[in-house]
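# Analysis of the macromolecular model
Letter by letter, the chains look like this.
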Amino acid sequence: MDAMKAVVYTRYGSPDVLRVTDVAAPTPRDNEVLVKVRAVSLNASDWETLLGKPLYSRIGGPFRPRHHVLGSDIAGQVEATGVNATRFRPGDDVFADILSQMGGFAEYVCVPERALAPMPTGMTYEVAAALPQAAAIAQQGIRDKGLVQSGQSVLINGAGGGSGMYAIQLAKLLGAEVTGVDNEEKLEFMRSLGADHVLDYAREDFTRTGSTYDLILDLAGYRSAFAYQRSLRPGGRYLFVGGSMATLLQLLLIGPMTGRAARKKVRVLAVRLGVQHLAPMIELCQEQRIVTVIDRRYPLNEVPDALRYLGEGHAKGKVVVIVD
Ligand SMILES: NC(=O)c1ccc[n+]([C@@H]2O[C@H](COP(=O)([O-])OP(=O)(O)OC[C@H]3O[C@@H](n4cnc5c(N)ncnc54)[C@H](OP(=O)(O)O)[C@@H]3O)[C@@H](O)[C@H]2O)c1
């Protein structure tokens, strides 16, 4: 195999800068596995790294993209292995989050062996591709760091997208009363996942309603640390996952000092990525206590349309690219 199809870009911009083209097929290094990609899901991080906005998406490539093929949450089949990659054999079904290297919008990608895990029994490629980043954010934001307990009040900002879809369901399973915030198009979707209350962010600013929460999980943070701490109950926590660079910097600088008197925690959540940490979410999925909603499926040559659909704010749950 000499060539393969991939979706390539060499400068930041709209989906118009993407080209579906033939490139040289990769060869695995000693510790790598060559994976034939069967499905790859889209994340907001793909959209942000395409645009080069917010600025944190340009880490490693301030003027031009560091990686020329986006796509980080992959599921597929082992095609070949490097000499030191001994855990997998050709034909094995595997999945991974390869955010640090990207390259999933292609027919094949080389993945360090340590980033791969066997696909959970009975799981489809599309669900395995939907899980990695979104489920890691939900698991850590709601459970591991959010420490949600039964009876608590939880607000998830940006709850109609990929991570929000899992986060709403997990918070409900833990017995919380959940408020989901997103655009108008996604209100019904958030309700269908179990949200008790929904807010349209274009009409209502949740930091000004007077309501307070034990946990705010923020997937789209654009306000100040003071606004967030105002919306927390005593002992409550605010966790920033994504949003603007200005908010991120402010939270890093003054977040730890904000709301201390009332034992409030206002923090940035650095998500530990990697499918090997996802066992609790995978179990819940396999028991069908958490469902994966795939809003749309696209073929590889329609990745630009898929990213446009996500970036324009229409995606409810996950968007998955199926690679034939
Ligand atoms: N902290 C970490 O370690 C870490 C790791 C991985 C990823 N991330 C970040 O996690 C974030 C969320 O990822 P995701 O995949 O869940 O994104 P997603 O699927 O795009 O969902 C985000 C949702 O937020 C909504 N939204 C946009 N602006 C909003 C606002 N002002 N108020 C409320 N909701 C708003 C979006 O709707 P619209 O469509 O209307 O815009 C969308 O439904 C990304 O920013 C990503 O970079 C962080």
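What comes next is a walk through the structure. Bear in mind that the values here come from a model prediction, so they are computed numbers and not experimental data.

## Some points on the pairing of strand β15 (residues 318-322)
Where burial is concerned, most of β15 is hidden: four out of the five residues are buried. Summarising the sheet, strand β3 (residues 32-41) and β15 pair through three bridges and their orientation is antiparallel. The residue bridging Ala39 from the neighbouring strand is Ile322, located in β15. Of the strand pairs in this sheet, strand β14 (residues 294-299) and β15 are connected by five bridges, and their pairing is parallel. Counterpart to Ile294 in the pairing with β15 is Lys318.

## Overview of the packing of aromatic side chains
This structure, assessed with the given rule, holds three aromatic pairs. Centre to centre, the rings of Tyr9 and Tyr12 are 6.5 Å apart; their planes meet at 70°, and the pair counts as edge-to-face. Tyr12 gets classed as buried once you look at its relative accessible area, which sits at 12%. Relative to Tyr228, the ring of Phe206 has its centre 6.3 Å away and its plane inclined at 25°; by these criteria the two rings are stacked. Of the two residues, Phe206 sits in the loop between β10 (197-200) and β11 (213-218) while Tyr228 sits in helix α6 (residues 225-230), which places them 22 residues apart along the sequence. Tyr228 carries the same exposure label as Phe206, and that label is buried. Here the aromatic cluster, defined as three or more aromatic residues joined through ring pairs, consists of Phe206, Tyr228 and Tyr238. We note Arg296 situated over the ring of Tyr309; from NZ or CZ to the ring centre the distance is 4.0 Å.

## Examining the side chain of Ser244
Turning to its location among the elements, Ser244 is positioned in the loop between β12 (232-240) and α7 (245-254). Those residues in contact with Ser244 that sit more than four places away from it in its chain are Gly221 and Tyr222.

## What about the pattern of salt bridges?
Applying the stated criterion across every chain, the model contains 15 salt bridges. Of the charged contacts in the structure, one is a salt bridge between Arg143 and Asp144, with a shortest N-O distance of 2.8 Å. Judged by its relative accessible area of 37%, Arg143 falls in the partly exposed class. In this structure Asp144 comes out as partly exposed when scored by relative accessible area, which is 30%. The shortest N-O distance in the salt bridge between Arg203 and Asp200 comes to 3.5 Å. A relative accessible area of 68% means that Arg203 is categorised as exposed. Look at Asp200 and you get buried, because its relative accessible area is 8%. Through salt bridges with shared partners, a single network forms among Asp16, Asp305 and Arg308.

Cut-off values and rules
Residues numbered from 1 in each chain as written. Predicted model: local features only at pLDDT ≥ 70, side-chain atom pairs only at ≥ 80, totals over all residues. Heavy atoms only, no water. Buried < 20%, exposed > 50% of the residue type's maximum accessible area, 1.4 Å probe, protein only. Helix = DSSP H or I, 4+ residues; strand = E, 2+ residues; numbered from the N terminus. Pairing = 2+ DSSP bridges. Phe/Tyr/Trp six-rings, centres within 6.5 Å; stacked < 30°, edge-to-face > 60°. Lys NZ or Arg CZ within 6 Å of the ring centre and 35° of its normal. Contact = heavy atoms within 4.5 Å. Salt bridge = Lys/Arg side-chain N within 4 Å of Asp/Glu carboxyl O.

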